[in-house]
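The primary structure of each chain is shown beneath.
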Amino acid sequence: MIFTVTFNPALDYTLWAGGAEPGRIHHAEAASYTAGGKGVNVANVLTCLGVPCTALGFIAGFTGDEIARQARSWGIDTDFIRLPRGLSRVNVKVRTWRGEGGAVEETDFNAGGPDIDRGSMEKLYDKLSGIGQGDVLIVAGGAPASLSGGVYGELLGSVAGKGARCVVDAAGDLLRGALARAPFLIKPNVDELGELFGRKLRSDEEIRECAERLQDEGAVNVLVSKGGEGAALLTETGEFITVEAPSGRAVNTVGAGDSMVAGFVAGWIKRGDYRKALKWGTAAGAATAFSEGLATKGDILALLE
């Protein structure tokens, strides 16, 4: 079984407009509320690919109710923990374009989430107590300020020695704090990878160098998303694999990295081959980037071909 954990789920409020200027009133041409958060997105794409998973995490208030309702409507098996106070966050995504067929620009306002108390954390540990051999635990996204930067490491430590493979998609201290627990896979994007070492990465050689350093710190496999340039993977055997992104018009970056994680995990489960898993991940990430929402199975399979 696959379990995803999202500490900070959200409702993404997306507005489409032909243009936007500060200090003026604008009328959106379209709007939508969509449940999100990195782990929720991963669970969504896994489910559409026919890979069973359970979405765990924390929700609060009426916004949390809507997140859970939408997730269930997509066929996701949910087991969220309800926080005693606060509201799950609402993120605002403004998408604008210039002229007919012009490039889409995205401006995001991501809110902070409600505090997670110790009692609620213990409930999460209880839900993961039965995880075992052959299971996959995917921990993705940020965490509220009420939790320490080492919380991902603590979470992975709670399942250590049980035979589960752990995947971490996070940045900064959250990612670094998990490395000592030898996660099976980590997925920084190229900017996040560079930030870990205080540098701008401009070549695959530099990406490989930094990925090797993360392996030295404990990571087993390092998957690096490169946006429109595709992805790179440093495997546990030291093989460095790159793949180009499919060609297409990008209209959405929200959830593209999460889709890559889902596609990679699905491909690895189905094939047990890192090269094929990388192609699945890249196809899934691109399929979301080319869509107004998360990728569908048909979109992913078409790009995979």
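Each chain has its residues counted from 1, running along the sequence as written. Local features in this predicted model are restricted to residues of pLDDT 70 or higher, and side-chain atom pairs are both shown and tallied only at a pLDDT of 80 or more, whereas totals for entire chains, interfaces and linings draw on every residue. Hydrogens and water are ignored here; the side-chain numbers use all heavy atoms of the structure.

1. A word on the sheet that holds strand β3 (residues 30–36)
As a general point, the strands of a sheet are linked pairwise by backbone hydrogen bonds and lie either parallel or antiparallel. For clarity, the threshold we go by: Strand pairing follows a simple DSSP-based rule, namely that at least 2 bridges must link the two strands. Each helix is a run of H or I in the DSSP string that is no shorter than four residues. Each strand is a run of E no shorter than two, and both are numbered from the N terminus. To define axes, lines are fitted to C-alpha atoms, for helices over the stretch in contact only, and angles between the resulting N-to-C directions are given on a 0 to 180 degree scale.
An order of β3-β2-β7-β8 is seen for the four strands of this open sheet, with the pairing classed as mixed. Lying at the two open borders of the sheet, with one neighbouring strand each, are β3 and β8 (104–109). Strand-to-strand twist in this sheet, taken as the mean axis angle between neighbours without regard to direction, amounts to 20°. Sheet topology note: the strand β2 (residues 10–17)/β3 ladder contains seven bridges and is antiparallel. Of the residues in β3, the one forming a bridge with Leu-11 is Ala-35.

2. Remarks on the state of the cysteines
The criterion, for reference: Any cysteine sulfur atom paired with another within 2.5 Å is treated as part of a disulfide.
Per the stated rule, a full pass over the model turns up zero disulfides. You can see Cys-166 has no disulfide; the closest cysteine sulfur is in Cys-53, sitting 16 Å from it.

3. So, the packing of helix α1 (residues 38–48) against helix α8 (residues 256–271)
As a reminder, the rule being used: Here the word oblique covers every angle except those under 35 degrees (roughly parallel), over 145 (roughly antiparallel) and from 65 to 115 (roughly perpendicular). Handedness of each helix crossing follows the sense of rotation of the near helix against the far helix: counterclockwise by less than a right angle gives left-handed, clockwise gives right-handed. A contact between two residues is defined here by any heavy atoms of the two lying within 4.5 Å. Lys, Arg, Asp and Glu make up the charged group, whereas Ala, Val, Leu, Ile, Met, Phe, Trp, Tyr, Cys and Pro make up the nonpolar group; the residues left over, Gly among them, are polar.
At their nearest, the axes of α1 and α8 sit 8 Å apart, and the two run at 45° to each other. What the angle tells us is that α1 and α8 run oblique. Crossing hand, α1 versus α8: right-handed. Judged by residue contacts, Lys-38, Asn-41, Val-42, Val-45 and Leu-46 of α1 engage Asp-258, Ser-259, Val-261, Ala-262 and Ala-266 from α8. Tallied by class, the residues present in the contact of α1 with α8 amount to six nonpolar, two polar and two charged.

4. Some details on the packing of helix α9 (residues 274–289) against helix α10 (residues 297–304)
Relative orientation of the contacting elements α9 and α10 amounts to 125°, with a least axis distance of 8 Å. Comparing the axis directions of α9 and α10 gives the class oblique. In this structure, α9 crosses over α10, and the sense of that crossing is right-handed. In contact with Lys-279, Trp-280, Ala-283, Ala-284, Ala-286 and Ala-287 of α9, α10 contributes Asp-299, Ile-300, Leu-301, Leu-303 and Leu-304. Here the contact of α9 with α10 is composed, by residue class, of nine nonpolar, no polar and two charged.

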